[in-house]
Every structure is written in C-alpha cells, then in structure tokens.
There are 2 protein chains.
Amino acid sequence: MALNFHQLHIFYTVVDKGSFSAAAQALHMTQPAVTMQVQSLEDYFGTKLLHRSTKRIELTEAGRALLPYARQSIELIRETDAAMSRFTRQLKGRLQLGASLTIGEYILPRLLGPFGKEYPHIAISMKVMNTAQIMEEILNHQLNFGLVEAPVQHPDMHMEPVMNDELKLIAPASHPLAQRSEVTLTEAIRYPFVLREQGSGTRLVMEEQLKARQIDPRSLNIVMELGSTGAVKSAVEAGVGISFVSASSVKHEVALGLIKIVPLADAEFKREFYSIYLKSALLPISAVTFLTFLRERDLRQWL
Amino acid sequence: MALNFHQLHIFYTVVDKGSFSAAAQALHMTQPAVTMQVQSLEDYFGTKLLHRSTKRIELTEAGRALLPYARQSIELIRETDAAMSRFTRQLKGRLQLGASLTIGEYILPRLLGPFGKEYPHIAISMKVMNTAQIMEEILNHQLNFGLVEAPVQHPDMHMEPVMNDELKLIAPASHPLAQRSEVTLTEAIRYPFVLREQGSGTRLVMEEQLKARQIDPRSLNIVMELGSTGAVKSAVEAGVGISFVSASSVKHEVALGLIKIVPLADAEFKREFYSIYLKSALLPISAVTFLTFLRERDLRQWL
DNA sequence: CCTGGTTACGCCGCACGTAAGAATC
DNA sequence: GATTCTTACGTGCGGCGTAACCAGG
C-alpha cells in the first residue's frame, strides 16, 4: 500500500549487488522474496525500476531517479538508530558477537560487565574464534558483529577502530628516568614497576611485547599490582615505581608536572581493536547500542 | 521487527496533534491502533517516547530526540513520491477529487482529458461541491484533495496555488488602442473582438467580469471565435480584432512588437485556483502525480 | 543444460478494528 | 463520571519460504 523503507532497502541492495540473487543472499532472504518486493515497488510507482536480463540487471531512468532516495532512507534509518541508542536502557534483545582470542579472553569480559549493568535486558552471547571464522559467521548472519585485533578487508564488511592507543612508560617527576630524553627497554626494566594485575588487558599487552623481545615478564621487578589505572597513577605519582599506561589517561598529571612520559627508544606497546559488521544489513538496534557504548565510553578505564 | 516509516509517521502525528485520539482521527484509524504502533516503537528503542496523562501527552527526552528524525522521514517519503511522480505512467489507482462549481464545470473537464491520455490507468472521480463541503470531505478522508477558486485557511489543510494569472487586453500593433497608455473597459468593448469559444475558462472569466460591471456579454462585437489560444493570438496579430489572453502566453509576440498589451484602467480579469489537501496524511502517489501534472504543465493552453 | 528471475501456493505473523478495562481529573 | 489511553481478542492481509516454471546464453 504505502511506500516503506524495507522495500527501498531491498531495491538498493539489488542495485548495489548487481543481481536479485546476490541481494537475497546479502539480506539473507530467498530470491523470490526479493523479486516480490521489487515488483511491489514497481507497482507502487507505476513504472519499471530495473531492466532484467538473465545475465545482468540495469537501472531504468526511474530506477536511477529512485536510487539516491533509497540510499538516503537507509542512511536516515542508520542515523536514527544511532541517535536513539543513547536512550535504549530498557532494550530487550539478544546480541551474538564473535571475538578473537585475546579480546575474548582479556578485553570483552571487562566490557560486558559495565554494559550489562546499563542494559540488563540485552542478552549477549559471545563466541571466541579466529578472525577468519568470525568473518565467515558474520557473512552467514550467524553473528551480528565481531571484534578483532587487526584491521581486515572485505568488500561486504564495515570496519571501525574501536580502540587504538599506545601504552607509554611513565615515571614520577622525581625519578632518575624522568629527565631522560630517551630510554631503552632493557634499561627501563631494571627499575621497580607498579602494574595492573595479571589478566588485565594492559598487563597482557605489556607482557606480550616483552616476550616478543625475549624478555621474561617474570624478570620484572614488580613492587605493586593494582586493580585500576587510577590506583596505578597514584602509586607512580607517590614514587612507588614506574609503569605503563595509556597516554590519554595521564594527560592531566603530565600537564601538572606530577608524572613524566619517558620516550622508549626501541619498543612500542600498541593496543588496538576493531569492530566489524556487514555493510548491507541494517544492524539491530541492540547492536547499534553496543557499538555506541564502545565508541563513547573511555574503554581504557576498565582495561 | 525493524524500524519502519509508518510508525514514525504515527508517532509524529501524535506529537503534532497532541493526543493519541486526535492522531487516530487525523490518520483515520482507531485509537487503539495508534497506541499499539507507538508502543511498538517504544519497544523497538527500549525507551518511552511519551509521558501519557489523561489530559495531555508530553515528550520524553528520547521522544524529543526522535521527533526530528520522524519529521525527516516523512519529508523524505514526500520528496521521493514527488520525484518519482514523473515516471508513473503505468500507475493504477483511483483518485477522488472535489471541485468547486466553476472549476468542475469549465476547468477540470479540460484538464482531465490530457491527464487521462498520459495516465490511462488512473481512474478519477470528481465531485462538484461548494468549498465548505469539499473541505469537510477532505477532512473525513472521503476525498483525496480538492480544487477551489479562492484561498482557504484551515490548520489541517495544505493549500497550493495551481494557477494564478490575469487576462490582459491585447491588440495588434497597428490598432488604434495600441498606442494608448490606458483604456477603460467600456471604451475597449466597442472594438471588434476575437475570443475563445463559449465554455472555455478564458471566455468564462471574461463574461463574469463583464456581468459584474453590468455589461451584457452579448453586447460584445465578436467577429471570430476560436478553439485555442494560439489561434486567437494569430488572429489578433493579423488584425482581425482585439482579445483577452494570459499575459504569459503573448510574451513572445509582445517582445517582437507584433502585439501590444493595453492596460485597462478599471477592470481586472483574474483567474485563479488552488489545490487543497490534508497536511497530516501522505497523499497516495496517484494524487502526487496529479498535482505534479497540475504544477508542471502550462494549464493555460487548455483553458 | 545451467544460471537467474518469475509464478504459484500455503503458512505465519503483524496490523487493525471491536469491545471491554483502567486511570486520571 | 467523562475523557483518554491500554488491554484483549478475533480477523484478514501481506511477506516470505518452498517448489515448480520460464527465459537467455
């Protein structure tokens, strides 16, 4: 009867994918259903939108005219969902997500707690798999989206960096290293350290880097292990030891001169992950909500 | 399941009208159905959109956030329909329109022919009524829209001038009147006239004006009656007589100096009509098509 | 014949109307 | 108690999947 977004979305996907059957696959519905919705649009407008021939489809003049409106309507829905995702506290839903090993083990568990507090009615089920498997299951619509540690490329996949920062070596202003313009890793590890606890993402990144440089993490002189970044900063400030934290988390203290960032000559402690999901499908609002959560919170506070 | 335009439209109408029941009336559906769709939206977003109290409704923060998106989506649909209306040749549908007496008798019959040629599958049924009755039936959703001769005001009604021009007295360059800076009506009607045939809108407007000034139309010295404006212009150009036509239709001949427009001191031959339709309801695409037809063609060629 | 779009048919769910209920002033 | 929104229930239409059919290379 009346124009609806669903049909415009299907029409757009058909044009985008270049065939009815490819669109059906992308939208995970059957190909006859796609035919039906496009026909229904054509009836609505009283004009053909696509020329079909067995080997390819072609837009009619009317189809060309409609295409930008279809695109706009999809865009509008996405924007609406995104804008509304900050109000979805009572949202019910089930979210299927895939995570690569490290993220699934060290990162996600710490994010799911706070997320669950805010959105108690969204059930999340997480599957830990390798990146290739995650992509496969997203393409099959078995997962809503995935979180992976390395950028991936796929024509049907949207990728967005969720966190992308670097741990910096910090020392109290009074520390011998604080005046140095550059320090090597081997030199730094001779000093006493204050670190986040075992099992934290921050600690993990650090230990991986040390291992990559043939340094046994257990050889570190760890004088204190603390459960939050804030506690670590306070301990460093008080002169207990040096540490590794996100640069952004000590901006304030650095500005006040309480803590110095000591440039490392020979090592980078990078920590990054990316969300990936299908371009063609509209994400369920619960997924949009989770993405907004990832985007807008300072995730580092929990890692 | 997924966000759809229909629900946004209903939500917007509820806010616009200030109550569920008023919205139901405007959308001509039952009030429980409105409740259901708004609730469905609230479920979708996992948040209340409206605070209900028996005497008035109030937007929540989330509702306020959603409102502009709802408005945009309605706008987008309207634009899409309007843009597509030039491709709707095969459109099937039935169009119910109301026309005031003069329009129904003299104007519309001449428009419906050409329209029917272009859109053979749109069935039009026209009801001739007075303006008040037309407005009433539009509000009741018994008519899709109306065409009336005078501007009307109603908070729920959209009004758009469809034609709004003035007939001018024209004379060949060689005519005695052609040099005059101003002429009175009584003076003008002494000269021989070339006119459109009886029953044409142009002729009607002229005769009405004459009657309003106590001049019997039959007292005119009509030397020729022709079936099209083009023929009238040619005859005037050839010196057969003087006439009344739309200023815009003789622009070309005036610029070339073949025909002169002679200002009338004491009369105006205005011809105007307006389309009116509900603001709240989305017009069926067949109605949009008809409106586009009215807007884009030079209607004067048939009147 | 094989790939890809259309037609046919049956089922399920959603949207709606009717009617009754609840809440607020 | 009147007005307005909500809940309950039954119905009908629309969207989709399955399966059979058709058209072009």
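Conventions used here
Residues numbered from 1 in each chain as written. Chains lettered and ligands numbered in written order. Predicted model: local features only at pLDDT ≥ 70, side-chain atom pairs only at ≥ 80, totals over all residues. Heavy atoms only, no water. Helix = DSSP H or I, 4+ residues; strand = E, 2+ residues; numbered from the N terminus. Rg over C-alpha atoms; globule rule 2.2 N^0.38 Å. Buried < 20%, exposed > 50% of the residue type's maximum accessible area, 1.4 Å probe, protein only. 1 Å grid on protein atoms, 1.4 Å probe; cavity = no way out; pocket = protein on both sides within 12 Å on 5 of 7 lines; lining within 4 Å. Points joined across faces, edges and corners; volume = space filled by probe spheres on them. Least-squares fit on C-alpha atoms with pLDDT ≥ 70 in both. Contact = heavy atoms within 4.5 Å. Near = heavy atom within 4 Å. Polar contact = N/O pair within 3.5 Å; in protein donor to acceptor, adjacent residues only side chain to side chain. Nonpolar A, V, L, I, M, F, W, Y, C, P; charged D, E, K, R; others polar. Buried area = accessible area lost by both parts, 1.4 Å probe. Salt bridge = Lys/Arg side-chain N within 4 Å of Asp/Glu carboxyl O. Phe/Tyr/Trp six-rings, centres within 6.5 Å; stacked < 30°, edge-to-face > 60°. Axes fitted to C-alpha atoms, helices over the stretch in contact; angles between N-to-C directions. Left-handed = near helix turned anticlockwise from the far one by under 90°.

### Focus: the overall build of chain A
- Within chain A, the secondary structure is distributed over 11 helices and 11 strands.
- Compactness check: chain A gives a C-alpha radius of gyration of 25 Å against a globular reference of 19 Å for 303 residues, more than 25% above the reference.
- If one aligns the C-alpha atoms of chain A with their principal axes, the spans along those axes are about 80 × 40 × 30 Å.
- Every one of the 303 residues in chain A was classed for burial, and the buried ones make up 49%.

### Observations regarding the layout of surface pockets
- Each pocket or cavity is described by its volume, and for the largest pocket that value is around 1200 Å³.
- Lining the largest pocket are 41 residues; nearest its centre among them are Leu282, Leu283 and Pro284 of chain A together with Met1 and Ala2 of chain B.
- Among the secondary structure elements, those contributing two or more residues to the lining of the largest pocket are α1 (5–17), α4 (61–84), β3 (93–99) and α11 (285–296) of chain A together with α3 (31–45) of chain B.
- Here the element with the most residues in the lining of the largest pocket is α3 of chain B; it accounts for five residues.

### A few points about the relation of the copies chain A and chain B
- Of the transformation placing chain A onto chain B, the axial shift is 0.1 Å and the rotation is 180°, giving an RMSD of 0.1 Å. The two molecules are tied by a two-fold rotation axis, judged by turn and shift.
- When you check the interface residues of chain A against chain B, 100% turn up at the interface there too, and the contact is symmetric in its surfaces.

### Structural notes on the side chain of Ser73 of chain B
- Checked against the element boundaries, Ser73 of chain B lands in helix α4 (residues 61–84).
- You can call Ser73 of chain B buried: its relative accessible area is 0%.

### A few points about the protein's contact with DNA strand D
- Taken together, 18 residues sit near DNA strand D, with Thr30 and Gln37 of chain A together with Ser21, Gln31 and Arg52 of chain B positioned nearest.
- Restricting the count to atoms of DNA strand D within 4 Å of the protein gives a sugar and phosphate share of 71%.
- Gln37 of chain A has a polar side-chain atom sitting 2.5 Å from a phosphate oxygen of DNA strand D.
- Between DNA strand D and the protein, one listed contact pairs a phosphate oxygen with a side-chain N or O atom of Gln39 of chain B at 2.9 Å.
- Of the residues belonging to the surface near DNA strand D, the class tally is six nonpolar, 10 polar and two charged.

### So, the interface of chain A and chain B
- At the junction of the two partners, chain A supplies 28 residues and chain B supplies 30 residues.
- Together chain A and chain B conceal approximately 2500 Å² of surface at their shared face, both sides included; 74% is due to carbon and sulfur atoms.
- On the surface where chain A and chain B come into contact, there are zero salt bridges.
- Linking chain A with chain B are six residue pairs in polar contact (both at pLDDT 80 or more).
- Counting only elements with at least two residues in the side of chain A that touches chain B, the list comes to α3 (31–45) and α4 of chain A.
- Per element, the largest residue contribution to the side of chain A that touches chain B is 14 residues, and it comes from α4 of chain A.
- Looking at the side of chain A that touches chain B residue by residue, the class counts come to 16 nonpolar, seven polar and five charged.

### Some points on the packing of aromatic side chains
- If you walk through the whole model with that rule in mind, you get 17 aromatic pairs over all chains.
- Here Tyr44 of chain B and Phe45 of chain B contribute two aromatic rings whose centre-to-centre distance is 4.9 Å and whose plane-to-plane angle is 75°, an arrangement assigned as edge-to-face. Across this residue pair, the class does not change: Tyr44 of chain B and Phe45 of chain B are buried.
- Clustering of aromatic rings is evident, with ring pairs tying together Phe115, Tyr119, Phe145, Phe290 and Phe293 of chain A.

### Observations regarding the packing of helix α1 (residues 5–17) of chain B against α4 of chain B
Residues and elements named next belong to chain B.
- Put simply, α1 and α4 touch, their axes get as near as 9 Å, and they point 120° apart. Of the two elements, α1 crosses α4, and the hand of that crossing is left-handed. Residues Phe5, Leu8, His9, Phe11, Tyr12 and Val15 of α1 lie in contact with α4, whose contacting residues are Gly63, Leu66, Leu67, Ala70, Arg71, Ser73, Ile74 and Ile77.
- Looking at the contact of α1 with α4 residue by residue, the classes come out as 10 nonpolar, three polar and one charged.

### Quick look at the pattern of salt bridges
All names here are of chain B.
- Considering all chains together, one arrives at 32 salt bridges over all chains under this definition.
- Taking the shortest distance from any N to any O, the salt bridge between Arg110 and Glu197 comes out at 3.1 Å. Of this pair, Arg110 sits in helix α5 (residues 101–118) while Glu197 sits in the loop between β7 (193–196) and α8 (201–212), and the two are 87 residues apart along the sequence.
- Look at Arg110 and you get partly exposed, because its relative accessible area is 23%.

### Thoughts on the protein's contact with DNA strand C
- In the region of DNA strand C, 18 residues are neighbours, and Gln31 and Arg52 of chain A together with His6, Thr30 and Gln37 of chain B sit closest.
- Between a phosphate oxygen of DNA strand C and a side-chain N or O atom of Arg52 of chain A, the distance comes to 2.7 Å.
- Take His6 of chain B: an N or O atom from its side chain is 3.5 Å from a phosphate oxygen of DNA strand C.
- Sorting the residues of the surface near DNA strand C by element identifies α2 (20–26) and α3 of chain A together with α3 of chain B as the ones contributing at least two each.
- Among the residues forming the surface near DNA strand C, the class breakdown is six nonpolar, 10 polar and two charged.

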